[in-house]
Amino acid sequence: MKDEKYYQDTDERIERFMKGEMTSDEESDFKQELRSDNELRSRAMAMAALVKGVKKKYKEQDELIIAENNQTDGLEVTSTAKRRTSKKILWISGIAAMLVVAFGLYFIERKDPTNSLFDDYYTEYSPAKGVRGVEDSVVVAELDKLYADVADDKNAKKAMVRLEELYSELDNDITYRMYENDIAWYLALAYIKNNKIDKAKAVLEKIVADNADAPIAERAKKLLNEFK
Amino acid sequence: MKYNQIPESSIELNKFLTNEHDKVLAYIKKTYSLDEEDGQDIFQEASIALYMNIREGKLKTLTSSLSTYFLRICINQSLKYLSKRQKTIPLIDERTLLNGKDYDISKVDELFEWCTSEEDEEFKNESERIVSKILENLPDTCRNIFTGYYWQDLSANVIANMFGFANANSVKSQKYKCVDRFKKKYNEMMRLLS
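Computed from a predicted model, the values in this text were never measured in an experiment.

**Student:** Mind showing me how you'd approach the interface of chain A and chain B here?
**Tutor:** One frequently used descriptor of interface size is the decrease in accessible area upon assembly of the parts. Counting from both sides, the interface comprises 70 residues of chain A and, opposite them, 79 residues of chain B. Summed over both partners, the interface of chain A with chain B buries about 7,200 Å², with 59% contributed by carbon and sulfur atoms. Considering only the side of chain A, the residues that lose the most area to chain B are Lys19, Lys55 and Met178 of chain A, jointly responsible for 10% of the buried surface there. For the interface between chain A and chain B, the tally reads nine salt bridges. Here Lys56 of chain A and Glu128 of chain B are joined by a salt bridge, their closest N and O atoms 3.1 Å apart. Taken together, the connections running from chain A to chain B amount to 21 residue pairs in polar contact (both at pLDDT 80 or more). Of all elements in the fold, only helix H1 (4-18), helix H2 (24-36), helix H3 (38-69), helix H8 (174-177), helix H9 (180-193) and helix H11 (215-226) of chain A reach the threshold of two or more residues within the side of chain A that touches chain B. In terms of residues, the side of chain A that touches chain B owes the most to one element, H3 of chain A, which gives 25 residues. Taken together, the residues of the side of chain A that touches chain B break down into 30 nonpolar, 12 polar and 28 charged.

Here it is in structure tokens:
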């Protein structure tokens, strides 16, 4: 059985190829190995896709930042930042903020707990930026509408039914599979909105099981804890 | 986190600086033995410097990632600070900041095509979408390591200091597990395509 050292060394070889650090003989040998070793080929393909993906994603973000700020409109930026904020001001601001929050909470009516839970965890959908094909844009638009309907009393039940259909077909449909975590999350919220708590818990537990340590799993765990 | 001197309308820049804050602060504090307050001041001054450089068009021909560029500004500000206070300035070898050569995108493409025997553009586009989706859903540890290694080309030592790993070997160990995780998900999604 191959150990961690083997995989670390393999990854370094793959990275050397991608950096153009191999000699032509080394490259030739490596390519021959890729032909015959399925596991190596699979790993190399995934790493190449990963490096391309990371570079593309962050290059687009960097270009957006530079374009956003690369404008001369006569705006002067004042010199150095203020250094040390007065601790006394911080203290007074902190106490004032606490008093305002305490005062506000005193006057808030208690809502139905399920509605309250839904409101605490529902946020509007924010699809990732990037260039999309026609089919993908249609899917994102459909999901955007569904997720908005989850929060709308008139359409919440219909949205729940449609999300259930999509959720049950995820294993077979690559298009919606790309959005599986969002679909699962909003389905769980739809169940909560429609008071189907056991179904919500089942979906949330699957999110946790399938996405260990990822941010969505943490959110799902937090919501599951609310039911205890 | 908002920066007083950078306009609120610079939404993407403010988001960028928020993302960079914890890791860069951790790195300069550890590397230059700075306290929290000095670290924060240096970060804020570097943020202004970055904003001004962008506005003055100095980043039109940026060859590194914006994160690496910003990290270098923070390092320069840290060294200036130490020099003003006549503290011992650590000898920094630029080569230890980065992890050797940058990735050659033509070699990356070559490797991908060799492994897939696919030249179809649609296939490549689908692969890119799948990667983007997987990256969004990775745990922060993996995303940080991949960004550090494959976008910023940082060395394992720098990544260790930024994210609180024990040492470079811990980073490499975690990286291979993250690659495994990514590969598993990627292959699963790609199988559905075929």
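From this point on, the discussion continues.
**Student:** Can you help me understand the pattern of salt bridges in this one?
**Tutor:** Side chains that carry opposite charge are capable of pairing whenever their charged atoms lie near each other. Enumeration over the complete set of coordinates arrives at 32 salt bridges over all chains. Taking the shortest distance from any N to any O, the salt bridge between Asp153 of chain A and Lys193 of chain A comes out at 2.8 Å. Of this pair, Asp153 of chain A sits in the loop between helix H6 (134-150) and helix H7 (156-168) while Lys193 of chain A sits in helix H9, placing them 40 residues apart in sequence. Since its relative accessible area comes to 65%, Asp153 of chain A is described here as exposed. A salt bridge links Glu36 of chain B to Lys29 of chain B, with the nearest nitrogen and oxygen atoms 2.5 Å apart. Assessed through its relative accessible area of 39%, Glu36 of chain B is described here as partly exposed. For Lys29 of chain B, a relative accessible area of 26% corresponds to the partly exposed category. Salt bridges linked by common partners bring Glu27 and Lys31 of chain A together with Lys107 and Glu110 of chain B together as one network.

Here is what the cut-offs are and how they apply
- Here the residue numbering is sequential within each chain, running from 1 through the sequence in written order.
- To read the labels, note that chains go from A and ligands from 1, taken in the order they are written.
- It should be noted that, the model being predicted, local features are given only for residues of pLDDT at least 70 and side-chain atom pairs only at 80 or more, the latter also being counted only at that level, while totals for whole chains, interfaces and linings use all residues.
- Remark: hydrogens and water are excluded; side-chain values derive from all non-hydrogen atoms of the structure.
- Two residues qualify as a contact provided that any one of their heavy atoms is within 4.5 Å of a heavy atom in the partner residue.
- Buried surface area refers to the total accessible area, computed with a probe of radius 1.4 Å, that the two partners give up upon joining, counted for both partners together.
- By convention in these notes, a salt bridge is any Lys or Arg side-chain nitrogen within 4 Å of a carboxyl oxygen on Asp or Glu.
- Nitrogen and oxygen atoms within 3.5 Å of one another constitute a polar contact, given that in protein one can donate a hydrogen and the other can accept it, and given that sequence-neighbouring residues count only through two side-chain atoms.
- Here a strand is any run of E in DSSP of at least two residues, a helix any run of H or I of at least four, and the numbering for each starts at the N terminus.
- The nonpolar class holds Ala, Val, Leu, Ile, Met, Phe, Trp, Tyr, Cys and Pro. Asp, Glu, Lys and Arg form the charged class, and all remaining residues, Gly among them, are polar.
- Each residue is assigned to one of three classes by its accessible area relative to the maximum for its type, calculated with a 1.4 Å probe on protein chains only: buried under 20%, partly exposed between the two thresholds, exposed over 50%.

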